[in-house]
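Residues per chain are reported as follows:
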Amino acid sequence: MARQRLRTDLSHLVSWVLLASAATTIVTGIIADAWDLSGFRIHTIAGYTMTVAALAHVVLSWRKLVSYTRHRARYIGRRAAVGAARPRAQPGAPTWSPARAKTAAVTRRHLLGLTATGVIGFLAGRGLRPPPAIPGGSDLGVVYHEWSKPGVIDALGTLTNWGGKPPLYKRYEGATRVTLSDRPLAAGMSLPDAIQRRHSTREYGGDPLSANQLAALLRHIDGLRDGSTARRTAPSSGALYPIEVYPIVHRVDGVAPGVYHYDIRDHALSLVRSGDVSGDIMRIGLDQDFLAAANVVFALTLIYQRMRFKYQDRSYRYGLLEAGHLGQNLYLTATAMGLGACAVGAFHDDGLNDLLSVDGREEVAVYLLAAGNHAA
């Protein structure tokens, strides 16, 4: 008797563990999908716990399962044997019985309990946190950072329509195009040396870059990886790649001065604005003269919707992080090639957006990166 009671208690305990772990797995799965979390440990542990509890539940209920299976098999066999001779119920005849009503009530109770547990777990897992405490007088950056933290405010946000997924690549149809070289450059310094020697260069010489050097810089800033048709040389949240690269060419052999867009798929340039704009980019960059002296200035823009449909409020965070990845790629590549580079975050946004012919709303300029030969 004591053994049977222990087995019953253990069976009920396992059932509760199974229910709790299933609810946790569901909630953490939703969070992992909404926030694109890889290796979400809580979700993994909940999943393993649910699996172990499910197996334990089967073991503890094994006799009932076997007994029920045999009972159903005998019942189906008898029903098949006498089915033809069995009178059929008249249409509209009542099928209610106390036993069936009891079974239905238990089933409804279980279903309601599971639903309630799932809803409670979902709300708790998404974080019913209060509004963030933002000190008075905080700048907009602090306000945005606090309000874009993960929390329950996102529970409804993930269900809100943030727009559809736009094209992954931008292309200027009909624009004048410059096909870039794919010839490999001679091996430069090692990566550790490039990291140690990397620094911002603000003095540039008058010698032009070669078109092959420009092609190598673009390929390593944000080009497609060797053998890949989608992945690029810089990491991107969700592989959505919201950053576009616009080389502003001053002095490059074989490439006329002007503003170009880098077509990543074809490893080519599309002309956006022709002519020497070195004076314009210097004025836009708050009169920092090295922006006019460099051989090329790379303007990076962010297309919000490429990430917004998935990451909602945090999209701007991820986009700026990605622009930083591209900037470091340029620094290390330029250093390894014996060139200089310098990142610029201070510029007139509207002026740069106009120079690049982007709307400044759905696609906005976020970064400038000068590059070129060192001054003698």
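Residues numbered from 1 in each chain as written. Predicted model: local features only at pLDDT ≥ 70, side-chain atom pairs only at ≥ 80, totals over all residues. Heavy atoms only, no water.

A short note on the overall build of the protein chain
For the protein chain, the count of helices and strands is 13 helices and seven strands. In the protein chain, the share of contacts with a sequence separation of at least 24, taken over all contacts with a separation of at least 6, comes to 76%. Total accessible area on the protein chain is roughly 21900 Å²; 59% of this is exposed by carbon and sulfur atoms. (Helix = DSSP H or I, 4+ residues; strand = E, 2+ residues; numbered from the N terminus. Contact = heavy atoms within 4.5 Å. Areas by Shrake-Rupley, 256 points an atom, 1.4 Å probe, with all protein chains shown as cover.)

Some remarks on the nonpolar core
Core analysis: the biggest nonpolar cluster contains 58 residues, and Phe-298 and Leu-352 have the highest contact counts within it. Residue contributions to this core peak at eight residues, all from strand E7 (residues 363-372). The contact partners of Leu-352, leaving out residues within four places of it in the chain, are Ile-281, Ile-284, Ala-299, Phe-347, Ala-365 and Leu-368. (Core = buried A, V, L, I, M, F, W, Y, C linked by side-chain atoms within 4.5 Å. Buried < 20%, exposed > 50% of the residue type's maximum accessible area, 1.4 Å probe, protein only.)

Description of helix H8 (residues 211-222)
Helix length check: H8 (twelve residues) gives 17 Å between terminal C-alpha atoms against 16 Å at 1.5 Å per residue, within 8%. Of all the twelve residues making up H8, ten are buried; the element is thus mostly covered by neighbouring parts of the structure. The secondary structure elements touched by the buried residues of H8 are strand E2 (243-249), strand E3 (258-263), strand E4 (268-274), strand E5 (296-303), helix H12 (315-336) and E7. (Expected span 1.5 Å × (residues − 1).)

Overview of the pattern of salt bridges
Taken as a whole and judged by the stated rule, the model has nine salt bridges. Asp-263 is paired through a salt bridge with Arg-177; the nearest N and O atoms lie 3.3 Å apart. Of this pair, Asp-263 sits in strand E3 while Arg-177 sits in strand E1 (residues 177-179), and the two are 86 residues apart along the sequence. A relative accessible area of 2% means that Asp-263 is categorised as buried. Classification of Arg-177 by relative accessible area gives partly exposed; the value is 34%. Between Glu-362 and Arg-308 there is a salt bridge, with the nearest N and O atoms lying 2.8 Å from each other. With Glu-362 in the loop between helix H13 (349-356) and E7 and Arg-308 in helix H11 (residues 305-311), this pair connects stretches of sequence that are 54 residues apart. Since its relative accessible area comes to 22%, Arg-308 is described here as partly exposed. Ionic contacts of the salt-bridge type, sharing partners, join the residues Arg-171, Arg-177, Asp-263 and Asp-266 into one network. (Salt bridge = Lys/Arg side-chain N within 4 Å of Asp/Glu carboxyl O.)

Describing the packing of aromatic side chains
What describes a pair of aromatic rings is the distance from one ring centre to the other and the angle between the planes of the rings. Under the definition given, this model contains two aromatic pairs. Their ring planes at 50° and their centres at 6.0 Å tell us that Tyr-304 and Tyr-316 sit as a pair that is tilted. Residue Tyr-304 is located in the loop between E5 and H11, and its partner Tyr-316 is located in helix H12; the two are separated by twelve residues in the primary sequence. Classification of Tyr-304 as partly exposed rests on a relative accessible area of 21%. A centroid spacing of 5.0 Å and a plane angle of 85° characterise the contact between Tyr-311 and Tyr-318, whose relative ring orientation is edge-to-face. The two residues Tyr-311 and Tyr-318 agree in class, both being buried. (Phe/Tyr/Trp six-rings, centres within 6.5 Å; stacked < 30°, edge-to-face > 60°.)

Section: the pairing of E4
Relative to E4, E1 is paired through three bridges, and the arrangement is antiparallel. Looking across to E4, one finds that Arg-177 is bridged to Ser-270. Where E3 and E4 come together, six bridges link them in antiparallel fashion. Each bridged residue has a counterpart across the sheet, and for His-261 the counterpart in E4 is Ser-270. (Pairing = 2+ DSSP bridges.)

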